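Topology and contacts: notes
One-letter residues, chain by chain:
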Amino acid sequence: MNAKILQNDFKRNRASNVALLLFMTLAAALVVVAAIVVTQLITSMMGMYSAAKPPHFLQMHKGEIKPGLIDAFNASYEGVTAWQIVPMIDIYGDDLKVYGEEVFSLSDCRLDIGLVKQNKEYDLLLDGDRKAINVNKGEIGIPVILRDSYDINLGDTVQLTSNGVTKAFKVTTFVHDAQMNSTLCSSTRLLISDEDFEELFGNVGENEYLIETYFIDSSQASDFQSAYEKAGLPQDGQAVTYTIIFLLSALGDIVMAMVLMLVSMLLVMVSLMCIKYTVMAALEEEMHEIGTMKAIGMSYKDIRNLYLEKYKMMVAVGIVIGYVLALILSNVFTRHINSTFGKQPISMLTIGLPFAACALVYFITNHYCKKILKRIKKVTVVELLVTEKGFSKKEHAKDGLYKSKTMPVNLLISVRDTFHHFSGFIIVFVVMFIISGIMIVPMNLLNTMNSKEFISYMGSSMDDLLIEIDSGQNLDSKYQVVQKLLEEDADIEDYKAFRRVRIQAINSAEEWINLHIDCGQYAGKALKYLVGTAPTMENEIALSKLNAEAMGKNVGDTILLKVNDMLKKCIVSGIYQDVTSGGYTAKALYSFEGVDTEKYQFTINLMNGINVEEKASQWRDKIGVGYDIEPMEEFISQTLGGVSRQVEVIATAVILIGILLAAWIVVLFMKLRLAKDAPQIAAMKAIGFTNSDVRKQYLYKILMVSMTGMFAGTLISNILGARIVSMAFSIMGLGISRITFIINPWAAFAIVPLLLLAVAAGMTWMSAGQIQEYHIISLINE
């Protein structure tokens, strides 16, 4: 009997049931995709790190070293399990030319490029199957980060020209590097054979060493870094801990996973709204049957289970279809993970977590259905069969709108119906509210990361061009070359010069640590500060957020610096955000004379009308190699390129999903609403309203509710979206705790709302077309 009732119900409400099935399929698919991305990211990184064994602490150093001192220190430090010193040959992008389908150089690559040989046990460079790579003489392995940025293919020839030495290599493999696989790392490594490395070491480029240390517990890295720096061991370069390596490697995929989880949760909420509307519409339509069943003695549970079985079955089918669909589509979202971390075999986690996510969605929807169906218990037979009050509250509109003589009749009716029976349109409001929000937040994040203003989160100012002279030989002479170039160029409006030095300071544990300070007349002037301001006096200093936390300092506090064996007190003037150099930087006006320079940096503004790209190319040709000359927008693009591409993928997917979701919801709503309003439509047609009049009324209602939902969604997403993203970045500990969205007003306030309104209007007008098929006599008889 139950099966026959369910079969008849499916036939009667085919449209709403199909729509509900589609929603559950889409919601389940996105939930599973989010779970797959999360599990794939976790297992891939674990697998990659297990095979490659990246260091827990890495200190880069340019210049000569004394291995004996490093060995003695590491041997005496409790908790150290292994260490190694890896030699590397630093070269410039200008030194490399690729011969393939096209011929090009890597002169525009802002990553520091190093040539290395394969290590024996730790910090291994892997292939796509996570096997250690060994290349032969004359062969080279290109990191995937360069493969993704340039048109480099297997079989291409890479020619190195440096210090009068020319050598050609054949590209035979692509390298997966566990610690230098992100543009945020600022460095990348090319793998050559042991024979080629020995031939080139000391003859081309500059020598650099990677001092790598391993511990029983990787959390010891921070304490070890303090002890290492206090011991005065080689440290002419960046120091990186395991946590920073982990975060920088996976930042783009972490952002994608977070956005996917947020969108999937919102989509589940939309599906619950859809279930509620569908169930309530079915109960209203079948209140006489329900009243009859209650009158003949059927229990509440028996009646409830008739409906519950149907929706449980539909939810289960939707989840299964969504699971299968997610398995098919997941490659789109996991392609970057597989490309970066290599192929990940199927594990219990990759199967278990998506399955658990599906089970959770099923449990939530089942519980929600039971909660909705409790209304059957509360309603009486009299309310169902005699008064026909049913499950909804009948409201009587009392207002003065009916007296209006200026408002068109169709619009007047629509406004009054919407205003007094807004609860009947709540599903459209909520859906438009959520959809506009989930579409706008990723768009705003992408626009912010692609904007020139994002440089303020990277410890620099918003200028046209950036020139960097990194640590190495002849720093001061190179500085003079750049300064002369800028002084003689009439196309320059202004420029600012900065010098980075390494000074010792005391942290919150009363230990001496290294503090990387950018000093100069304009240091810290154009940054956005969380608290405080830029330094204005020589005894003031601005700290990055992570440095302020490490040192336990706030604005107005005093810090102690050791400068040329003398102690200097500085007052903290402000705290800013910075994702570069691991997030640990500082700004000061004081010149720190007598302290060795780590690097020089120039930011330049050009005269109006001067092409930035052409000027950068002109300067590269004029002063040659050894200088990083980049348009500021290109600098941001290369640094955040991988993360931006990930956000762009998810933003595009969310927009497509949002449009489809809006269309489906409107069609579902109109199908159910027209069925429910059939007697009212008959009465209106009987008193002279045409089919076009009725269609216009429904169009006005949907547009009014949609605009209200979109306005609320746009407003809330622009207010809370940045806070949510800021919270996520703060939790990751990347040096950013407060992001202000750079909003594209055309996209956020015009394109997205108009697109959704067009979809809502089109679907409403199309769905309302069935009113032409309604016959007054038959509707009244029903």
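Heads up: the structure comes first, above all this text.
Residues numbered from 1 in each chain as written. Predicted model: local features only at pLDDT ≥ 70, side-chain atom pairs only at ≥ 80, totals over all residues. Heavy atoms only, no water.

A look at the sheet that holds strand E3 (residues 96–99)
Reading across the sheet, the eleven strands line up as E4-E3-E7-E8-E6-E9-E5-E2-E10-E1-E11 and stay open at both edges, with mixed pairing between neighbours. Each end of this open sheet is capped by a strand with a single partner; those strands are strand E4 (103–105) and strand E11 (239–241). Taking each pair of neighbouring strands and ignoring which way they run, the sheet shows an average axis angle of 30°. Where strand E5 (residues 112–116) meets strand E9 (residues 187–192), five bridges bridge the pair, whose relative direction is parallel. Bridge assignment links Asp112 to a residue of E9, and that residue is Ser187. Taken strand by strand, helix H3 (residues 67–76) contacts strand E2 (80–91) and strand E10 (206–215), and its axis lies near 150° from that of E2. Contacts from helix H6 (residues 221–230) reach strand E1 (57–62), E2, E10 and E11, with the element oriented near 30° to E1. (Pairing = 2+ DSSP bridges. Helix = DSSP H or I, 4+ residues; strand = E, 2+ residues; numbered from the N terminus. Axes fitted to C-alpha atoms, helices over the stretch in contact; angles between N-to-C directions. Contact = heavy atoms within 4.5 Å.)

Brief notes about the pairing of strand E12 (residues 465–469)
A large share of E12 lies buried, amounting to five of its five residues. Of the two faces of E12, both are covered, the one formed by Leu465, Ile467 and Ile469 as well as the one formed by Leu466 and Glu468. In terms of strand pairing, E12 meets strand E20 (residues 597–606) through five bridges, oriented antiparallel. Bridge pairing in E20 links Ile469 to Tyr600. For E12 and strand E21 (residues 628–631), the ladder comprises four bridges, and the chain directions are antiparallel. (Buried < 20%, exposed > 50% of the residue type's maximum accessible area, 1.4 Å probe, protein only.)

Looking at the side chain of Asp489
Looking at the element boundaries, Asp489 is found in the loop between helix H15 (475–488) and strand E13 (492–506). When residues no more than four places from it in sequence are discounted, the contact partners of Asp489 are Lys615, Gln618 and Trp619.

A word on the environment of Ile89
Along the polypeptide, Ile89 turns up in strand E2. For Ile89, a relative accessible area of 0% puts it in the buried group. Separated by 116 residues in sequence, Ile89 and Gly205 place their C-alpha atoms 6.1 Å apart. Apart from the residues lying within four places of it in its own chain, the contact partners of Ile89 are Ile113, Gly114, Leu115, Phe197, Leu200, Phe201, Val204, Gly205 and Glu206.

Notes on the pattern of salt bridges
A full pass over the atoms with the stated rule returns 18 salt bridges. Residue Lys137 is joined to Asp196 by a salt bridge in which the shortest nitrogen-to-oxygen separation is 3.2 Å. Of this pair, Lys137 sits in the loop between E5 and strand E6 (139–143) while Asp196 sits in helix H5 (residues 194–200); the two residues are 59 residues apart in sequence, bridging distant segments of the chain. Overall, Asp196 belongs to the buried group, its relative accessible area being 0%. Lys496 is the salt-bridge partner of Asp463, the closest N and O atoms lying 3.2 Å from each other. One end of the pair, Asp463, is in the loop between helix H14 (426–450) and E12; the other, Lys496, is in strand E13, and 33 residues separate them in sequence. The same class applies to Asp463 and to Lys496, which are both buried. A single network of salt bridges, built from pairs that share partners, joins Lys137, Lys167, Asp196 and Glu199. (Salt bridge = Lys/Arg side-chain N within 4 Å of Asp/Glu carboxyl O.)

A word on the packing of helix H8 (residues 287–295) against helix H9 (residues 300–341)
Following both chains from N to C, one finds H8 and H9 inclined at 145°, their axes separated by 10 Å at the closest point. Contacts between H8 and H9 involve Ile290, Met293 and Lys294 on the former and, on the latter, Ile303, Leu306 and Tyr307. Its residues assigned to classes, the contact of H8 with H9 shows five nonpolar, no polar and one charged. (Nonpolar A, V, L, I, M, F, W, Y, C, P; charged D, E, K, R; others polar.)

A look at the packing of aromatic side chains
Working definition: an aromatic ring pair is given by the centre-to-centre distance plus the angle between the planes. Under the criterion given, the structure shown has 19 aromatic pairs. Their ring planes at 70° and their centres at 5.3 Å tell us that Phe57 and Phe224 sit as a pair that is edge-to-face. Pair noted here: Phe57 is in strand E1 and Phe224 is in helix H6, with a separation of 167 residues, a long-range link. Here Phe57 matches Phe224 in class, with each residue buried. Relative to Phe592, the ring of Tyr590 lies with its centre 4.8 Å away and its plane at 85°, an arrangement referred to as edge-to-face. Residue Phe592 is classed as buried on the basis of its relative accessible area of 0%. Joined through ring pairs, the aromatic side chains of Phe57, Phe73, Tyr77, Phe215, Phe224 and Tyr228 make up one cluster. (Phe/Tyr/Trp six-rings, centres within 6.5 Å; stacked < 30°, edge-to-face > 60°.)

Let's talk about the environment of Gln521
Turning to its location among the elements, Gln521 is positioned in the loop between strand E14 (512–519) and strand E15 (529–532). Classification of Gln521 as exposed rests on a relative accessible area of 61%. Separated by eleven residues in sequence, Gln521 and Glu510 place their C-alpha atoms 30 Å apart.

Thoughts on the nonpolar core
Counting residues in each nonpolar core, the largest one holds 131 residues, and the members touching the most others are Leu260, Ile275, Tyr307 and Ile427. For this core, the leading source of residues is helix H7 (residues 242–285), giving 24 residues. Counting residues in each nonpolar core, the second largest holds 27 residues, with Ile89, Phe104, Ile142 and Ile192 among its members. (Core = buried A, V, L, I, M, F, W, Y, C linked by side-chain atoms within 4.5 Å.)

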